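# Summary of the model geometry
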Amino acid sequence: MHINQKLSSIYLRVAIGISYLWEVADRLGLFGPNGHPHVGWGDWKHFVAYAKQVMSFLPESIVNPLATIATIGEGGFGLLLILGLFTRMAAIGSGILSLCFAIAMAISFGIESPLGYSVFTLSAASFLLASLTQYSWTLDKWLATRLVNKKLSAYQSQQNGLKADDQDLHHTVIDLKQIRALAQIDYRI
């Protein structure tokens, strides 16, 4: 992987993840009450009022559940992206979620709103992150490396006529081609 793709993937993951977690923290009042400097909503009540404006074209009865789902999605995707766990799926989910935000904002406020708040940019950045072939400094990569090393150890034990440490690996014939394929995984879904 080229150094620029490594840095880009890290930067995209952290920037998107922190942005989501920041907004969730604001909705939960962690930065102070509504009206204080650098506070967008300050509490759930003010966020839901804004969500009703954004989703004005939907029945009011479903706005609160959708706002809750969106907040859980943002928190979950943000955390997964920062940790680098299920990175590709989290990036795709982030892209879809932010595209839904952008469309809802465009319907309710006009196209200048999602463009001005760079919501389409967030969606595009998420889909770009999902299109990268590998991710550096992620739990995904660490877990994949552990799996490859475990399979290599079992293969070496098998070649030396020794028992594998892991019961599951002991009952499975380990093939070097399988190990090479695992080592070249690019986490595509």
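Right, let's walk through the structure included here. None of the values given here were measured: they were computed from a predicted structure.

Between side chains of opposite charge, a pair can form when the charged atoms approach closely. Counted by the stated rule, this structure contains 2 salt bridges. For the salt bridge of arginine 27 with glutamate 74, the shortest nitrogen-to-oxygen distance reads 2.4 Å. Taken as a pair, arginine 27 in helix H1 (residues 3-27) and glutamate 74 in helix H3 (residues 63-83) lie far apart in primary sequence, 47 residues in all. With respect to burial, arginine 27 and glutamate 74 carry one shared label: buried. Residues lysine 52 and glutamate 60 are paired through a salt bridge, measuring 3.4 Å at the closest nitrogen-oxygen approach.

Note that soluble globular proteins tend to have their nonpolar side chains buried in a common cluster. In this structure, Ile16, Leu81, Ala91 and Leu129 are the most contacted members of the largest nonpolar core, which totals 13 residues. Mapped by element, the contributors of at least two residues to this core are H1, H3, helix H4 (87-109) and helix H6 (119-131). The contacts of isoleucine 16, once residues within four sequence positions are left out, are Leu81, Ser94, Leu122, Ala125, Ser126 and Leu129. If you look at the next biggest cluster of nonpolar residues, it comprises 12 residues, including Trp41, Phe47, Val48 and Val119.

With that settled, consider a nonpolar patch on the surface. Taken together, the side chains of Val14, Ile18, Trp22, Leu28, Leu30 and Phe31 present a nonpolar region at the surface, about 580 Å² in accessible area. Along the chain, isoleucine 18 turns up in helix H1.

By secondary structure assignment, the location of arginine 13 is in helix H1. The charged side chain of arginine 13 is buried without a salt bridge, its nearest counter-charge being aspartate 140 at 7.3 Å. Within the structure, the side chain of arginine 13 is placed 3.0 Å from the backbone oxygen of isoleucine 82, a separation counted as a polar contact. In terms of polar contacts, arginine 13 uses its side chain to reach the backbone carbonyl oxygen of serine 136, at 2.9 Å. Once residues within four sequence positions are removed from consideration, arginine 13 is found in contact with Leu81, Ile82, Leu83, Gly84, Thr87, Leu129, Ser136, Trp137 and Thr138.

In most cases, non-glycine residues show a negative phi, while peptide bonds are predominantly trans. One non-glycine residue, histidine 38, adopts positive backbone phi at about 65°. Within the secondary structure layout, histidine 38 lies in the loop between H1 and helix H2 (44-54). The exposed category is assigned to histidine 38, whose relative accessible area is 75%. Although it is not a glycine, serine 118 adopts a positive phi angle of roughly 60°. On the secondary structure map, serine 118 appears in the loop between helix H5 (112-116) and H6. In this structure serine 118 comes out as partly exposed when scored by relative accessible area, which is 37%.

A word on the packing of aromatic side chains. Within the structure shown, the criterion is met by 5 aromatic pairs. Where tryptophan 44 meets phenylalanine 47, the ring centres are 5.3 Å apart and the plane angle is 50°; that geometry is what we call tilted. Of this pair, tryptophan 44 and phenylalanine 47 both sit in helix H2, separated by 3 residues, roughly a single helical turn. On the accessibility criterion, tryptophan 44 (27% relative accessible area) is partly exposed. Note on phenylalanine 47: relative accessible area 6%, which makes it buried.

Position of alanine 67 among the secondary structure elements: in helix H3. Residues alanine 67 and tryptophan 44 lie 23 residues apart in sequence; the distance between their C-alpha atoms is 9.5 Å. Beyond its immediate stretch of four places on either side in the chain, alanine 67 contacts Trp44, Phe47, Ala51 and Met55.

Below, the discussion takes up helix H7 (residues 139-159). Between its terminal C-alpha atoms H7 stretches 30 Å, which fits the 30 Å expected from 21 residues at 1.5 Å a residue. Looking at H7, one finds that the buried residues are Asp140, Ala144, Val148, Lys151, Ala154, Tyr155 and Ser157. A positive backbone phi angle near 80° is found at glycine 161, which sits one or two residues after H7.

Conventions we followed
Per-chain numbering applies: the sequence of each chain, read as written, is numbered from 1 onward. Local features in this predicted model are restricted to residues of pLDDT 70 or higher, and side-chain atom pairs are both shown and tallied only at a pLDDT of 80 or more, whereas totals for entire chains, interfaces and linings draw on every residue. Only heavy atoms go into the side-chain values, all of them from the structure, while hydrogens and water stay out. Basic side-chain nitrogens of Lys or Arg form a salt bridge, by our definition, when they fall within 4 Å of a carboxyl oxygen of Asp or Glu. Working definition: helices are DSSP H or I runs of at least four residues, strands are E runs of at least two. Numbering for both runs from the N terminus. Remark: exposure states derive from per-residue accessible area (1.4 Å probe, protein chains only) relative to the maximum for the residue type, with buried under 20%, exposed over 50%, and partly exposed in between. Residue types Ala, Val, Leu, Ile, Met, Phe, Trp, Tyr and Cys, when buried and joined through side-chain atoms within 4.5 Å, form a set referred to as a nonpolar core. Note on definitions: a residue-residue contact is assigned when non-hydrogen atoms from the two residues lie within 4.5 Å. Residues with no salt bridge and a relative accessible area higher than 30% make up the patches, which join like charges within 9 Å and nonpolar side chains (Val, Leu, Ile, Met, Phe, Trp, Tyr) within 5 Å. For the area figures, the Shrake-Rupley method with a 1.4 Å probe applies, and any residue is considered shielded solely by the protein chains shown. In this tally Asp and Glu are treated as negative and Lys and Arg as positive; neither His nor the chain ends contributes. Pairs of N or O atoms are called polar contacts if they sit within 3.5 Å, as long as, within protein, a hydrogen donor faces a hydrogen acceptor (for residues adjacent in sequence, only side-chain-to-side-chain pairs). Each pair of aromatic rings taken from Phe, Tyr and Trp, with Trp reduced to its six-membered ring, is defined by centres within 6.5 Å and is described as stacked if the planes are under 30 degrees apart, edge-to-face if over 60, and tilted in the remaining cases. Here, expected helix span is obtained from the residue count minus one, scaled by 1.5 Å.

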